[in-house]
Amino acid sequence: MNKSVVDDLKTKFGPVEFYTGPFKTFPGNWFLLELKPMPLNSEINDVASDICRNGSVKVNKGKVKHHLDNCDRESHSFSSKLRHVEKIISDLKDEKYYIAVHPGDENILNGQPIAISIKPEINYIKYPDHPHLNAGAKDVSMEGFNFYLPNSLCYTDDPKQLGTDTVDRMLFAFDLITIWLFRHQIWLKTREVYGKGTWIGPEAASFPPYIYPKILNPLGKCRCGKNEKYGNCHRPYDIKKLRKKAKQNNRINLKHQTYGSWRKNIYNPQRRSLKVLKNILL
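Residues numbered from 1 in each chain as written. Predicted model: local features only at pLDDT ≥ 70, side-chain atom pairs only at ≥ 80, totals over all residues. Heavy atoms only, no water.

## Some remarks on the overall build of the protein chain
Counting its secondary structure elements, the protein chain contains six helices and ten strands. Computed over C-alpha atoms, the radius of gyration of the protein chain comes to 20 Å, within 12% of the 19 Å expected from 2.2 N^0.38 for 282 residues, which places it in the range of a compact globule. Put simply, of all contacts in the protein chain between residues at least 6 apart along the chain, 62% involve residues at least 24 apart. Accessible surface, the protein chain: about 14400 Å² in total, of which carbon and sulfur atoms supply 46%. Between the averaged position of the 45 positive side-chain charges in the protein chain and that of its 29 negative side-chain charges there is a distance of 12 Å. (Helix = DSSP H or I, 4+ residues; strand = E, 2+ residues; numbered from the N terminus. Rg over C-alpha atoms; globule rule 2.2 N^0.38 Å. Contact = heavy atoms within 4.5 Å. Areas by Shrake-Rupley, 256 points an atom, 1.4 Å probe, with all protein chains shown as cover. Lys, Arg positive; Asp, Glu negative; His and termini not counted. Charge placed at Lys NZ, Arg CZ, Asp CG, Glu CD.)

## Details of the pairing of strand β8 (residues 137-142)
With four bridges joining them, β8 and strand β9 (residues 145-149) adopt antiparallel strand pairing. In the strand pairing of β9, Ala137 is matched with Leu149. (Pairing = 2+ DSSP bridges.)

## Some remarks on empty space enclosed by the protein
Scanning all chains against the criterion turns up one cavity of 30 Å³ or more. Put simply, the largest cavity is a space of about 50 Å³. In terms of lining residues, the largest cavity is bounded by Tyr124, Ile125, Gly136, Tyr148, Asn151, Ile215, Ile266 and Gln270. Split into classes, the residues belonging to the lining of the largest cavity amount to five nonpolar, three polar and no charged. (1 Å grid on protein atoms, 1.4 Å probe; cavity = no way out; pocket = protein on both sides within 12 Å on 5 of 7 lines; lining within 4 Å. Points joined across faces, edges and corners; volume = space filled by probe spheres on them. Nonpolar A, V, L, I, M, F, W, Y, C, P; charged D, E, K, R; others polar.)

## A few points about helix α2 (residues 44-52)
Among the nine residues of α2, seven are classified as buried, and the element is accordingly described as predominantly covered. Every buried residue of α2 is listed here: Ile44, Val47, Ala48, Ser49, Asp50, Ile51 and Cys52. Looking at the buried positions of α2, the neighbouring elements they touch are β3 (57-60), β4 (63-66) and α4 (166-194). Trailing α2 by a residue or two, Asn54 shows a phi angle of about 60 degrees, which is positive. (Buried < 20%, exposed > 50% of the residue type's maximum accessible area, 1.4 Å probe, protein only.)

## Let's talk about the nonpolar core
Ile99, Ile177 and Phe182 are the most contacted members of the largest nonpolar core, which totals 57 residues. Contributions of two or more residues to this core are made by α1 (3-13), β1 (16-19), β2 (30-35), α2, β3, α3 (83-88), β5 (97-102) and α4. Counting residues per element, this core draws most heavily on α4, at 13 residues. Among the nonpolar cores identified, the runner-up in size contains 18 residues, and Phe26, Ile108, Phe145 and Leu274 belong to it. (Core = buried A, V, L, I, M, F, W, Y, C linked by side-chain atoms within 4.5 Å.)

## Looking at the environment of Ile280
Counting through the fold element by element, Ile280 comes out in helix α6 (residues 259-281). The spatial distance from the C-alpha of Ile280 to the C-alpha of Phe145 is 16 Å, given a sequence separation of 135 residues. Filtering out sequence-adjacent residues up to four positions away, Ile280 remains in contact with Tyr19, Phe23 and Phe26.

## Looking at the environment of Asp158
Structurally, Asp158 can be placed in the loop between β10 (152-153) and α4. Distance from Asp158 to Pro113, taken between C-alpha atoms, is 12 Å for residues 45 residues apart in sequence.

## Section: the packing of α2 against α4
Two numbers describe how α2 lies on α4: the axes approach to 12 Å, and their chain directions differ by 100 degrees. The pairing of α2 with α4 is recorded here as roughly perpendicular in orientation. Residues Ile44, Val47, Ala48 and Ile51 of α2 touch α4, and the partners they reach there are Ile179, Phe182, Arg183 and Ile186. Class assignment of the residues belonging to the contact of α2 with α4 gives a composition of seven nonpolar, no polar and one charged. (Axes fitted to C-alpha atoms, helices over the stretch in contact; angles between N-to-C directions. Parallel < 35°, antiparallel > 145°, perpendicular 65-115°, else oblique.)

## Section: the sheet that holds β2
If you trace the four strands from one edge of the open sheet to the other, you get β1-β2-β5-β6, paired in antiparallel fashion. The two strands at the open ends of the sheet, each matched to only one other strand, are β1 and β6 (114-119). Each strand of the sheet is rotated relative to its neighbour by a mean of 25 degrees, with strand direction disregarded. Pairing between β5 and β6: five bridges, direction antiparallel.

## Considering the packing of α1 against α4
Packing of α1 against α4 brings their axes to within 10 Å, and their N-to-C directions diverge by 40 degrees. Considered as vectors, α1 and α4 are oriented oblique to each other. The crossing of α1 and α4 is right-handed. For the pair formed by α1 and α4, the contact residues are Val5, Asp8, Leu9, Lys12 and Phe13 on the first element and Thr166, Val167, Met170, Leu171, Phe174, Asp175 and Thr178 on the second. In the contact of α1 with α4, the residues fall into seven nonpolar, two polar and three charged. (Left-handed = near helix turned anticlockwise from the far one by under 90°.)

## Let's talk about the side chain of Lys63
Take Lys63: it is sitting in strand β4. Discounting residues that sit within four places of it in the chain, Lys63 has contacts with Lys36, Pro37, Met38, Pro39, Leu40, Lys58, Asp94 and Thr178.

Set out below in structure tokens:
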């Protein structure tokens, strides 16, 4: 990454550092974002309301802000379906997030910058019911390294919208990541208060059921949000779908279906990769 590009990003975005490489077991070229995404108390209701209605908001120095110059709404009320969100807004607490961001690789996640929350961790191990994460992947090849790519933030379903100019592309990604984190904060709080989280604004399509047995802990919380073990709730249904999919492909691969194999093939590799990233960036 060109030094002038990094300096430009620091000037325009603010709380970002850049770590080159390569490192011993991991590819280099990682940005570290230090973000406190929650809007000011005076703006938080307006920002959340705009996001709920797919309106425009802006990001300044790692914080989501109301887009006053581009807001054509006189009222920022919540719809009746989202009044429960409005009730918890004042209970949100400003939290700092450390996000590792790689500029991306054309063969991974359609080339979009890869964003991984390393402190606090946001992944399927901690939140099996999270609606907007990308699954991890083993044996990912990048910059000559093969490694396990941890769960990452699903902050866009249209990487092309980021553009091709390096600075503008990364700035747009940083902004979307910051907004994603504020939406995550609301999801967490509604999950805590109501038992099931609400993701405000547009939602990407969820994984098909046959994907979940490959990534979720059979003894962990179910993906549906109920306080039940995945193995006793939706897992049998998901396994049925996986078997059907495997049969269509003339093969059956259920190696991630026991707790032991999940821990060996998912949990341990993800923990190792996160530890490496933390050691590099924090």
